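Reading the structure
These are the residues of each chain, in order.
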Amino acid sequence: MSAEPVVHVPKHVAVVMDGNGRWAQKRFLPRVAGHRQGVDAVRRLMRVAGERGVAHLTVFAFSSENWKRPEEEVSYLMELFFKALRDEIQKLHDNGIRFRAIGDLAALSPDIQQQIRAAEQLTANNRALTFNVAVNYGGRWDMTQAVERACAAGHPTNFPQYLAFADQPDPDLFIRTGGERRISNFLLWQLAYTELYFTDTLWPDFDEAEFERSLHWFASRERRFGQTGEQARAHQALPSKAIQ
Ligand code: IPE
Ligand code: IPE
Ligand code: MG
């Protein structure tokens with residue numbers, strides 16, 4: 001890890017937290033032990049992301065396809081999400097964090113939906129960091145629901161405005177832990193010009209040093225948004241929303 005401070009801190013970081021099951025299996029533990037450990041890694045990331053000046057952090061907690069897992073694992077993940085939200089929300093609020101859930105929330109249990117609404121309401125005016133949790137989220141679902149809502153409003157071409165967190169900037173940095181190089185139906189539209197960072201580190205092991213490495217890698221990228229390198233260097237910091 002370099003001691004030099006990172007100059008270009010991403011405004012929005014989106015993370016596919018993968019590798020919990022393998023982390024546990026390597027230790028001869030049940031897969032769910034990895035999910036439990038993964039919550040600590042989320043807590044840690046939230047803290048360091050805030051300290052480093054990231055304004056929006058989005059984590060993929062449960063995909064539209066994760067319902068296909070064994071029922072015990074699905075219930076464990078739902079319970080873990082419910083408890084973490086219930087136990088942590090006051091601390092998030094005290095730290096000025098705004099909580100948002102994105103995904104097809106109607107399919108979640110009434111308890112979880114109620115907990116989400118309460119957490120969103122409590123933290124709605126906080127501005128230190130926006131923490132988005134993608135739960136029962138899929139990029140294809142997101143695009144479909146956005147088109148449906150835009151059509152219902154009579155403005156089909158406005159559909160990007162109906163996507164999850166359309167009021168927030170597109171992610172600048174995407175991180176996927178766990179060694180796979182794929183999107184797995186995470187943000188499809190919003191990742192159009194995002195820098196993609198992959199690491200073999202399993203999610204529960206993703207610590208401050210790992211995050212710092214990803215920030216250094218990000219700072220070394222030249223974002224061109226379709227322009228030439230010369231143009232990009234002349235107009236650095238082109239807002240990602242300018243890209244459609
Ligand atoms: C990511 O870890 C967490 C969720 C998908 C909920 P995995 O559970 O996918 O872990 P691996 O990929 O099996 O190791
Ligand atoms: C992506 O991980 C979803 C989450 C991290 C919540 P998966 O483990 O479900 O992805 P695949 O199945 O390996 O593509
Ligand atoms: Mg996985």
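Now for a look at the structure at hand. (Residues numbered from 1 in each chain as written. Chains lettered and ligands numbered in written order. Predicted model: local features only at pLDDT ≥ 70, side-chain atom pairs only at ≥ 80, totals over all residues. Heavy atoms only, no water.)

Here's the deal with the packing of helix α2 (residues 31-51) against helix α3 (residues 71-94)
At their nearest, the axes of α2 and α3 sit 11 Å apart, and the two run at 25° to each other. Classified by the angle their axes make, α2 and α3 are roughly parallel. Between α2 and α3 lies a crossing of right-handed hand. Contacts between α2 and α3 pair R31, V32, H35, R36, V39, R43 and M46 from the former with E73, Y76, L77, L80, A84, E88, K91 and L92 from the latter. (Axes fitted to C-alpha atoms, helices over the stretch in contact; angles between N-to-C directions. Helix = DSSP H or I, 4+ residues; strand = E, 2+ residues; numbered from the N terminus. Parallel < 35°, antiparallel > 145°, perpendicular 65-115°, else oblique. Left-handed = near helix turned anticlockwise from the far one by under 90°. Contact = heavy atoms within 4.5 Å.)

A short note on the environment of Q90
Tracing the chain through its elements places Q90 in helix α3. Among the residues examined, Q90 registers a relative accessible area of 43% and is labelled partly exposed. For the pair Q90 and A153, spaced 63 residues apart in the sequence, the C-alpha separation amounts to 36 Å. (Buried < 20%, exposed > 50% of the residue type's maximum accessible area, 1.4 Å probe, protein only.)

Some points on the environment of T130
Summarising the element assignment, T130 is placed in strand β4 (residues 129-137). Taking relative accessible area as the criterion, T130 reaches 4% and is therefore assigned buried. Separated by 89 residues in sequence, T130 and A41 have C-alpha atoms that sit 17 Å apart. Side chain to side chain, T130 and R98 meet in a polar contact 3.0 Å long. (Polar contact = N/O pair within 3.5 Å; in protein donor to acceptor, adjacent residues only side chain to side chain.)

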